[in-house]
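Coordinate inspection notes
What follows is each chain in one-letter form.
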Amino acid sequence: MSMKLHGITFGLILFFSTTVFAQIALDTNAEKVISKIMKAQELNWNKGDLERFMEGYWNNAELVFVGRNGPTYGYQNTLENYKKGYPNKDSMGQLHFDILHAQQWDENTIQLIGKFTLTREKDQPTGYFTLLFRKINSTWKIVSDHSSSS
């Protein structure tokens, strides 16, 4: 490879690696708001209130939830899937989130990686999630949720 071509290749790699993977320091106010959303979700789930649990999500047809059955699009479809999968408080159990990593990509986008644990009378399913939060009309909302059970 010629030195000129090598320099161009290196320059492109450097450009894309700093552009695509750039991130900014996690905004402390955003971190507090997102922490509050996650705590509210735990609380509302543990009360058996799926409608209030869903308040952390973007109420929009473009919301996406990816679980073991593949993607579900839309707020209402996601809520209906939760209702089918967890028809009563016993099936819902007690939910606990452990946040493993938070990363801010730009002023309006934060990615959260965590672990969930459901404690029920007969079992204790766990799994991991990746949430994408976007600031929409000055409010942080989950726009994408990819959750998988272990």
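In the block above lies the structure referred to throughout.
What comes next concerns the included structure. Only a predicted model underlies this, so the values are computations on that prediction, with no experimental measurement involved.

1. A word on the pairing of strand β4 (residues 109-119)
Strand direction decides the pairing type here: strand β3 (residues 94-106) and β4, joined by 11 bridges, are antiparallel. Looking at the pairing, A102 lines up with L112 of β4. The turn linking β3 back onto β4 is made up of 2 residues. Sheet topology note: the β4/strand β5 (residues 126-136) ladder contains 9 bridges and is antiparallel.

2. So, the pattern of salt bridges
Oppositely charged side chains can pair when the atoms bearing their charge come close. Using the criterion set out here, one finds 5 salt bridges in the structure. A salt bridge links D106 to R134; the shortest N-O distance between them is 3.8 Å. You can see D106 sitting in strand β3 and its partner R134 sitting in strand β5, a full 28 residues away along the chain. On the basis of relative accessibility, which here comes to 31%, the residue R134 falls in the partly exposed class. Notably, a salt bridge pairs D123 with R120, separated by 2.8 Å at the nearest N-O pair. Judged by its relative accessible area of 35%, D123 falls in the partly exposed class. Accessibility expressed as a relative area gives 25% for R120, which makes it partly exposed.

3. A few points about the layout of surface pockets
For the largest pocket, the calculated volume is near 710 Å³. Those elements that provide at least two residues to the lining of the largest pocket are α2 (28-46), β1 (64-67), β2 (70-73), α4 (75-85), β3, β4, β5 and β6 (139-149). When the residues that make up the lining of the largest pocket are grouped by side-chain class, the tally is 14 nonpolar, 11 polar and 3 charged. There is about 180 Å³ of room inside the second largest pocket. What lines the second largest pocket is a set of 14 residues, among which I34, S35, M38, I99 and L112 lie closest to the centre. Elements supplying a minimum of two residues to the lining of the second largest pocket: α2, β3 and β4. Class assignment for the residues of the lining of the second largest pocket results in 9 nonpolar, 1 polar and 4 charged.

Conventions and cut-offs
By convention here, each chain's residues receive numbers from 1 onward along its written sequence. Local features in this predicted model are restricted to residues whose pLDDT is 70 or higher, and side-chain atom pairs enter the listing and the counts only when it is 80 or higher, whereas totals over whole chains, interfaces and linings include all residues. Side-chain measures here rest on the full set of heavy atoms in the structure, leaving out hydrogens and waters. Two strands pair if DSSP finds at least two bridges between them. Helix and strand assignments come from DSSP, with helices taken as H or I runs of at least 4 residues and strands as E runs of at least 2, each series counted from the N terminus. We define a salt bridge as a contact between a side-chain nitrogen of Lys or Arg and a carboxyl oxygen of Asp or Glu at a distance within 4 Å. Accessible area is worked out with a 1.4 Å probe on protein chains only. A residue is then buried under 20% of its type maximum, exposed over 50%, and partly exposed in between. Of the grid points, spaced at 1 Å and generated over the protein atoms alone, those admitting a 1.4 Å probe that cannot get out make up cavities, while open sets with protein on both sides within 12 Å along at least five of seven lines make up pockets; any residue with an atom within 4 Å of a point is treated as lining. Grid points are joined across faces, edges and corners, and a volume is the space filled by probe spheres set on the points. For this classification, the nonpolar set comprises Ala, Val, Leu, Ile, Met, Phe, Trp, Tyr, Cys and Pro, the charged set comprises Asp, Glu, Lys and Arg, and every other residue, Gly included, is treated as polar.

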